[in-house]
Amino acid sequence: MSQEPLSNLLKENRRFAPPPELAAAANVKADVYDEAAADRLGFWARQAERLTWAKPWEQVLDWSNPPFAKWFVGGELNVAYNCVDRHVEAGLGDRVAYHWEGEPEGDTRTLTYADLQREVNKAANALLELGVRKGDRVAIYLPMIPELPISMLACARIGATHSVVFGGFSADALRTRINDAQAKLVITADGGYRRGKPSALKPTVDEAVADTPSVERVLVVRRTGEETAQHERDVWWHDVVDRQSDRHEAQPHDAEHPLYILYTSGTTGKPKGILHTAGGYLTQVAYTHHAVFDLKPETDVYWCSADIGWVTGHSYIVYGPLANGATSVMYEGTPDTPHRGRWWEIIAKYKVTIFYTAPTAIRTFMKWGDDIPAKYDLSSLRVIGSVGEPINPEAYVWYRHHIGADRCPVVDTWWQTETGAIMISPLPGVTEGKPGAAMRPLPGISADVVDDTGASVPNGGGGFLVLKEPWPSMLRTIWGDDERYVKTYWSRFEGMYFAGDGAKKDDDGDIWLLGRVDDVMLVSGHNISTTEVESALVSHPKVAEAAVTGATDPVTGQAIVAFVIPRGAAEDEADGEEFVKELRDHVARTLGPIAKPRQIMVVPELPKTRSGKIMRRLLRDVAENRSLGDVTTLTDSSVMDLISAKLPTAK
Ligand code: 6R9
């Protein structure tokens, strides 16, 4: 079998240096890499000083019982105090914490840090009145409204552990997560707005809690005003929270106190409750938000378009930005409501300077057409980021040009729910960016690419991404299942964290992510990454999005099957055989004949999770003409019908 990554065939020579003024004034300069390498724990200890500790730690890291880490041992702090109160005490109470933009136009709310302090205190007092105590779990199932970060911070304040569940998840998914965490309280809303309409949430909660013995109360925010069933356990937010005192004395909690559980679905097995704890997590999200986005809290307006139900929202809408005293935008709805320029309108309206989104969104905007962002004034932007999937070089270049005006550095940030914070990323004032590369581990992080045996691959080689040293915001375990924690992450390679992603090092030693290793295809003995074939397809001017999967093939073992969405103007001609041939030839030219897809299907949509990741597993089911596996985490399960209808082979 060939060990040589096909990737070497894909040459990407474009380079983008940081703008000189940004580099000169950057929060983090090139010397930090050496500084952190010389004394890693000392480096993280200095980053922890960004926070206000009620009691100093005695030891930076206790790694005496690997892979169970303790950071900032003996230290005590209150996460909500760090995110809110201390800014008010520093005289910044009037600074805006959130410019909240509801989906219905004109429905906005501004929360200063002083407002946020009052709201969090009231919510904390309400949780106490409802019987929630330190150590209890609270499930939060809310749309993107201010009560969502307020609820998270109220939990953090009193030491309750929150478990936020995506507003798009089903009653089944919600029930499983509530039961796994044994949540005492559920916080929800009657509904939220999506695609111009109220979308109910409360009926899903009612269905879920019919079978969750641990739940004592359901706290309900009135958002849409639509009628909902009332049960004895239900209480309205406006009845209970509004009448509380807006004062609450925050108590310090241990650095290792459980801050939150967030479930990741994975492809198989029951969802894993990823556990994050207070001190190390807040240290790394605050540092990375400062370093990767070059945040200047006095002048920047920052917007991360993720949903808070995803880890990106936890770390980079709530905890990182608030710990740094940032001013953020928070948007409730979808990018095309009421029109496809909504996001750019929001950037122009609030003069957003730092924008953080996902490749799936970028590719969608490419498909909708360049003329849409061109209508808006995006000149306030200075740093733009990407997260969630490998960003294809073409999407990177489009993003840099059409959104970043060829001026803004693009930071492609690799990390996971499990890592808690960004791990591999360019630094906007330091790194000469390469389209498609996440580049280097951040200061204080040791990541590497290893082969089958765990040996580090030389530059130019490919293999598995691993993390070789513990990091402050690492998951501490899988909730209630230490054994699964060890087995899933720490058993593939001795003494290393296995991320589950394929990666390569280029000739400069920079890291390129190649997608989940489960998705790697084996064609005639060659390992071929889905990401590279997808990037080759997207580099064709008529392709907006592509997803690739390996289907069993009698001759080659696996064969490449591609699903493509044509770009704007190309849609009409896209059905013809000619188009498909053109694309197959294009892939053969860019990557080599071995990577030429056996089949290319032109489809209107791709199946994605709510966090925007393509579900290749489902496409494999289609390509192999099997009935579909679990579709419950799909944004829109009718997409699979649309795709199946297009296929000659699938029923
Ligand atoms: C933050 C988040 C984690 C998986 C991860 C990888 C993929 C995320 C990426 C990326 C390439 C990037 N991923 N960022 N792949 N380049 N910049 O997405 O967390 O939902 O847990 O997903 O996402 O495959 O392993 P999570």
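Note that the structure is a prediction, hence the values are computed from the model and not measured.

Analysis parameters
- Residues numbered from 1 in each chain as written.
- Predicted model: local features only at pLDDT ≥ 70, side-chain atom pairs only at ≥ 80, totals over all residues.
- Heavy atoms only, no water.
- Domains from an automatic or database assignment.
- Pairing = 2+ DSSP bridges.
- Helix = DSSP H or I, 4+ residues; strand = E, 2+ residues; numbered from the N terminus.
- Axes fitted to C-alpha atoms, helices over the stretch in contact; angles between N-to-C directions.
- Parallel < 35°, antiparallel > 145°, perpendicular 65-115°, else oblique.
- Left-handed = near helix turned anticlockwise from the far one by under 90°.
- Contact = heavy atoms within 4.5 Å.
- Nonpolar A, V, L, I, M, F, W, Y, C, P; charged D, E, K, R; others polar.
- UniProt positions renumbered as here; feature names shortened; annotations may be inferred.
- Buried < 20%, exposed > 50% of the residue type's maximum accessible area, 1.4 Å probe, protein only.

## Digging into the domain arrangement of the protein chain
In step 1: Split by domain assignment, the protein chain resolves into domain 1 (11-78 + 252-445 + 472-489), domain 2 (114-248) and domain 3 (524-646).
In step 2: Relative placement of domain 2 and domain 3: their C-alpha centres are 39 Å apart.

## Some words on the sheet that holds strand 19 (residues 383-386)
In step 1: Taken together, seven strands build an open sheet; the order of strands is 5-4-17-16-18-19-20 and the sheet is mixed. Strands at the two margins of the open sheet, each flanked by one partner only, are strand 5 (108-112) and strand 20 (410-412). Taking the axes of each pair of neighbouring strands and ignoring which way they run, one obtains an average angle of 20° across the sheet.
In step 2: The pairing of strand 4 (residues 96-101) with strand 17 (residues 327-331) spans four bridges and is parallel. Paired with Glu-101 across the two strands is Tyr-331, which belongs to strand 17.

## A closer look at the packing of helix 4 (residues 79-92) against helix 5 (residues 113-129)
In step 1: Here helix 4 crosses helix 5 at 140°, and the two axes come no closer than 9 Å. Overall, the two elements helix 4 and helix 5 adopt an arrangement that is oblique. In this structure, helix 4 crosses over helix 5, and the sense of that crossing is left-handed. Contacts between helix 4 and helix 5 pair Cys-83, Val-84, Asp-85, His-87, Val-88 and Leu-92 from the former with Tyr-113, Ala-114, Leu-116 and Gln-117 from the latter.
In step 2: Tallied by class, residues from the contact of helix 4 with helix 5 come to seven nonpolar, two polar and one charged.

## Comments concerning the UniProt feature "binding site: Mg(2+)" (unreviewed entry) in the protein chain
In step 1: Feature annotation in UniProt places "binding site: Mg(2+)" (unreviewed entry) on Val-538, His-540 and Val-543, given in this structure's numbering.
In step 2: Considering the arrangement of structural elements, one finds Val-538 in helix 17 (residues 530-538).
In step 3: Ignoring anything within four residues of it in the chain, the contact list for Val-538 reads Asn-392, Glu-394, Val-543, Ala-544, Glu-545 and Ala-546.
In step 4: Its place among the elements puts His-540 in the loop between helix 17 and strand 28 (543-553).
In step 5: The class of His-540 is buried, set by a relative accessible area of 6%.

## A word on the sheet that holds strand 25 (residues 511-516)
In step 1: Strand order in the open sheet formed by four strands is 21-22-24-25, with antiparallel pairing between adjacent strands. Edge positions in the sheet fall to strand 21 (447-450) and strand 25, since each of these pairs with one other strand and no more. With direction set aside, neighbouring strand axes in the sheet form an average angle of 45°.
In step 2: By the bridge criterion, four bridges tie strand 21 to strand 22 (residues 462-467) in an arrangement that is antiparallel.

## Looking at the pairing of strand 4
In step 1: Of all six residues in strand 4, six are buried, a share of seventy percent or more.
In step 2: Judged from the five bridges that link them, strand 4 and strand 5 form a sheet pairing that is antiparallel. What sits directly across from Glu-101, in strand 5, is Thr-108.
In step 3: Between strand 4 and strand 5, which pair antiparallel and follow one another directly, the connecting turn spans six residues, one of which, Gly-106, has a positive phi of 90°.

## Re the UniProt feature "binding site: CoA" (unreviewed entry) in the protein chain
In step 1: Under the UniProt annotation, the feature "binding site: CoA" (unreviewed entry) is placed at Arg-194, Arg-195, Gly-196, Lys-197, Thr-312 and Ser-524. With a sequence span of 331 residues, these residues are also far apart in the fold, their greatest C-alpha distance being 49.8 Å.
In step 2: Those residues in contact with Gly-196, other than ones at most four positions away along the chain, are Glu-103 and Thr-337.
In step 3: Mapped onto the secondary structure, Ser-524 falls in the loop between strand 26 (521-523) and strand 27 (526-528).
In step 4: A residue is classified by how much of its surface remains accessible, and Ser-524, at 42% relative accessible area, is partly exposed.
In step 5: Ignoring sequence-local partners within four residues, the contact set of Ser-524 consists of Thr-556 and Ile-594.

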